[in-house]
Amino acid sequence: LLRERLGLRFDAQRQARGEKPDLPTALDPELIAPRNLLRRALAQHRGSLDGLRDSALESMAGASLTDDLLMSLLGRLRRPDLPNLPALIARNLDHPRSRGFGSLPIHRNLLLEQLEELVQLRPKLLAESALIEVWLPRLKPSADLRWSRDLEAREAYLDRLWIFAQRLPPAHNSLKAHVLYARLAHDLEAGKPSPERFLAYLRLPRPGAYVNPDHIRRTRAGTEVVDANRDFPTELGRIGNDEPLVRAYLQHFFRSEDAYAPYAEFVREDYLRRLFAETKILLGTGDMERWYSLLDDPAYYEQLKERVEIHFPRTQRRHFAAEEPLSIDVDLKNVETLLVKVFVIDTFDFH
């Protein structure tokens with residue numbers, strides 16, 4: 001009764017003088033050997049690495065793992081600094097429980113070099129949108145580089161994007177058009193439009209009032225029709241209405257070309273004929289009677305003749321340093337006098 005009520009314990013052993021203890025005096029190293037600890041952890045948590053701390057995961061990446069243990073390992077990894085990580089991911093994608101690339105956090109943390117190694121092991125991954133969503137941000141310039149205002153940095157970035165986009169199948173035509181549209185706008189601003197790049201853009205099938213419907217009908221199965229409103233993680237913005245850019249390119253090339261036939265495969269002939277004649281009439285070059293007959297619209301010709309236009313050319317710079325001399329180019333039509341107003345912002349009050 002006293003033992004129960006008072007919680008008394010009599011665990012102490014009587015010590016007899018001169019008696020040798022029979023207890024061990026040293027710890028058996030095999031009890032705490034890493035292989036034995038690992039064996040016990042795997043036995044207690046079958047088919048997973050839940051019995052291991054995160055600090056042990058790196059050493060497990062080089063071990064011979066079953067498919068289930070590899071799935072458990074990749075599900076817990078967050079850092080990509082493992083030499084054989086792409087090979088492990090490529091193997092794990094064949095696991096019955098794998099939900100494909102992008103389903104694990106480690107997929108989104110891969111470095112660009114590791115992504116390259118992964119697609120070398122599994123080329124079909126280039127057709128998957130999840131891989132593209134991970135790849136594109138890796139191509140951006142460094143955060144401290146104002147590439148949107150720096151023509152050289154922007155061109156280098158667009159080159160990297162296009163090199164990657166060219167590797168993709170036709171199922172990703174929207175991304176190809178997204179990159180090409182930005183590059184075409186950049187080339188106009190830089191004053192070096194490329195006819196080859198422009199034709200590559202027109203070849204991509206897309207809906208639009210100016211598009212030749214026969215080109216859409218010729219689109220092969222499995223080829224994506226361009227979605228101009230789709231966005232991508234490139235910070236380039238959506239395409240939206242691309243007709244003004246297409247018109248600007250056609251007008252640029254029509255200055256020196258004698259026919260519009262090279263574009264008729266992709267652009268409606270009535271659109272080309274009207275724009276071709278309009279461009280020649282505005283420039284005042286060539287046989288005017290020929291252009292009038294192509295236009296075949298006396299009312300529109302009078303409207304074109306009397307139209308007043310004030311445009312900034314696409315080559316006009318938009319950003320200047322604080323002390324840099326500023327100059328502005330303007331394209332004019334039927335403007336005898338141009339009034340230019342200069343405003344100074346009160347920066348102190350503004351900020």
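**Student:** How would you summarise unusual backbone geometry if you had to cite specific residues and measurements?
**Tutor:** Phi is positive for E235, which is not a glycine, with a value near 65°. Position of E235 relative to the elements: it lies in the loop between α11 (213-217) and α12 (243-254). Judged by relative accessible area, which is 56%, E235 ranks as exposed. Unusually for a residue other than glycine, D296 sits at a positive phi of about 50°. Relative to the elements of secondary structure, D296 occurs in the loop between α14 (288-295) and α15 (298-306).

**Student:** Can you tell me about empty space enclosed by the protein, naming the residues and giving the values?
**Tutor:** Per the counting criterion, the structure on display carries one cavity of 30 Å³ or more. Its boundaries defined by the atoms lining it, the largest cavity holds a volume of some 50 Å³. Taken together, S129, I132, E133, H172, S174, L175, E224, R230 and F232 form the lining of the largest cavity. Secondary structure elements with two or more residues in the lining of the largest cavity: α7 (129-138) and α9 (173-190). Counting residues per element, the lining of the largest cavity draws most heavily on α7, which supplies three residues.

**Student:** Which residues make up the packing of aromatic side chains, and what values go with them?
**Tutor:** By the definition in use, this model includes 13 aromatic pairs. Seen from their ring centres, Y249 and F253 are 5.8 Å apart, and the 55° between their planes marks the pair as tilted. Note that Y249 and F253 are positioned in helix α12 at a spacing of four residues, about one turn of the helix. F253 carries the same exposure label as Y249, and that label is buried. Taking the centre distance of 5.8 Å and the plane angle of 65° together, the rings of Y260 and F276 count as edge-to-face. Residue Y260 is found in the loop between α12 and α13 (269-283), and its partner F276 is found in helix α13; the two are separated by 16 residues along the sequence. Residues Y260 and F276 agree in their burial class; the two are buried. Among the aromatic residues, those joined into a ring-pair cluster are F198, Y249, F253, F254, Y260, Y263, F276 and W291.

**Student:** Go over the pattern of salt bridges with me, naming the residues and quoting the values.
**Tutor:** Scanning the model with the defined rule gives 25 salt bridges in all. For D67, the salt bridge goes to R91, with nearest N and O atoms at 2.9 Å. In this pair, D67 is assigned in helix α4 (residues 67-76) and R91 in helix α5 (residues 85-92), connecting sequence segments 24 residues apart. Among the residues examined, D67 registers a relative accessible area of 43% and is labelled partly exposed. Residue E224 is joined to R230 by a salt bridge in which the shortest nitrogen-to-oxygen separation is 3.4 Å. Assessed through its relative accessible area of 26%, R230 is described here as partly exposed.

**Student:** Outline the packing of α5 against helix α6 (residues 112-121), listing residues and values.
**Tutor:** Where α5 contacts α6, the axes come no closer than 9 Å and their chain directions differ by 40°. Our classification of the angle between α5 and α6 gives oblique. In terms of crossing hand, the pair formed by α5 and α6 is right-handed. Residues L85, P86, A87, I89 and A90 of α5 form the contact with α6, whose participating residues are Q114, E117, L118 and L121. Along the lines of polarity and charge, the residues of the contact of α5 with α6 split into seven nonpolar, one polar and one charged.

Conventions used here
Residues numbered from 1 in each chain as written. Predicted model: local features only at pLDDT ≥ 70, side-chain atom pairs only at ≥ 80, totals over all residues. Heavy atoms only, no water. Helix = DSSP H or I, 4+ residues; strand = E, 2+ residues; numbered from the N terminus. Buried < 20%, exposed > 50% of the residue type's maximum accessible area, 1.4 Å probe, protein only. 1 Å grid on protein atoms, 1.4 Å probe; cavity = no way out; pocket = protein on both sides within 12 Å on 5 of 7 lines; lining within 4 Å. Points joined across faces, edges and corners; volume = space filled by probe spheres on them. Phe/Tyr/Trp six-rings, centres within 6.5 Å; stacked < 30°, edge-to-face > 60°. Salt bridge = Lys/Arg side-chain N within 4 Å of Asp/Glu carboxyl O. Axes fitted to C-alpha atoms, helices over the stretch in contact; angles between N-to-C directions. Parallel < 35°, antiparallel > 145°, perpendicular 65-115°, else oblique. Left-handed = near helix turned anticlockwise from the far one by under 90°. Contact = heavy atoms within 4.5 Å. Nonpolar A, V, L, I, M, F, W, Y, C, P; charged D, E, K, R; others polar.

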